[in-house]
Amino acid sequence: MAHDDDAQQAVPNRPGLRTDGDGVTRRRPLREQHVEETVEVAVPVRTAYNQWTQFKTFPRFSTVVHDVEQTRPAVTAWTIGYGPLRHRFAVEIVEQDPDAYLAWRGLEQNPSHQGEAEFRPTGSGGTAITVRMLLEPQGAARILTRSSRAVRLTARLVRGELLNFKHFIEGLGQEGGAWRGTIRNGRVQHDHPEPPRSRVAQWPVG
């Protein structure tokens, strides 16, 4: 659902941080956004989340995503477009909690955006997926983004892509892969620290 009143404001504040009961600092969800869309899919949260994290499969169901390349552990390069037109840009995953939440930001200069996806179980055993996006253009492009028509077009695109994902994962019935890692502030968190390495080549440690 697009929020036309948000479109008339200056670019909203960036999401802040929250400290949960476990003492871990995480991003707050976007407090304001230009676009918010939700779709329910008839698969469990774990299945929906696992498939969503397989970014390279997005071109299999998306009408606008043509290619996704992993360039760094938390950075992917996306190629999107209609017809012969193509646009390539980098996206950084800044926060990721398995089966719950994923937040990203575009690394392009103009236009740029932030986004997040939340995964919640439904009473029927399925998953409610909510995607929020905050458009952050610079210069003259900011005026276009504020227009209600541009916001509606973006919302329609996000809604369409969510429905495409719904049909895709429900058709599969199970995920085609998974990445179960956690990301904080753009860095992959490791459950177990790497063992110490010897400063002498080929010298055993321990």
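Let me sum up the structure you'll find in this document. (Residues numbered from 1 in each chain as written. Predicted model: local features only at pLDDT ≥ 70, side-chain atom pairs only at ≥ 80, totals over all residues. Heavy atoms only, no water.)

## Description of the side chain of E161
Point 1. Its place among the elements puts E161 in helix 4 (residues 148–172).
Point 2. Here E161 is buried and forms no salt bridge, its nearest opposite-charge partner R159 lying at an N-O distance of 11 Å.
Point 3. Engagement of the side chain of E161 in a polar contact is seen with the side chain of T63, the distance being 3.1 Å.
Point 4. When neighbours within four sequence positions are excluded, E161 is seen to be in contact with F61, S62, T63, V64 and V65. (Helix = DSSP H or I, 4+ residues; strand = E, 2+ residues; numbered from the N terminus. Buried < 20%, exposed > 50% of the residue type's maximum accessible area, 1.4 Å probe, protein only. Lys, Arg positive; Asp, Glu negative; His and termini not counted. Salt bridge = Lys/Arg side-chain N within 4 Å of Asp/Glu carboxyl O. Polar contact = N/O pair within 3.5 Å; in protein donor to acceptor, adjacent residues only side chain to side chain. Contact = heavy atoms within 4.5 Å.)

## Regarding the pattern of salt bridges
Point 1. On inspection of all chains with the given rule, the structure shows 10 salt bridges.
Point 2. When the shortest N-O distance is used, the salt bridge between E69 and R88 registers 2.9 Å. One end of the pair, E69, is in strand 4 (residues 65–72); the other, R88, is in strand 6 (residues 87–97), with 19 residues separating them in the sequence.
Point 3. Its relative accessible area of 35% is what places E69 among the partly exposed residues.
Point 4. Here R88 falls in the partly exposed class, since its relative accessible area comes to 45%.
Point 5. For D97, the salt bridge goes to R184, with nearest N and O atoms at 2.5 Å. Residue D97 is located in strand 6, and its partner R184 is located in strand 10 (residues 182–184); the two are separated by 87 residues in the primary sequence. Here D97 matches R184 in class, with each residue buried.
Point 6. Linked through salt bridges whose partners overlap, the residues forming this network are E36, E116, E118, R120 and R132.

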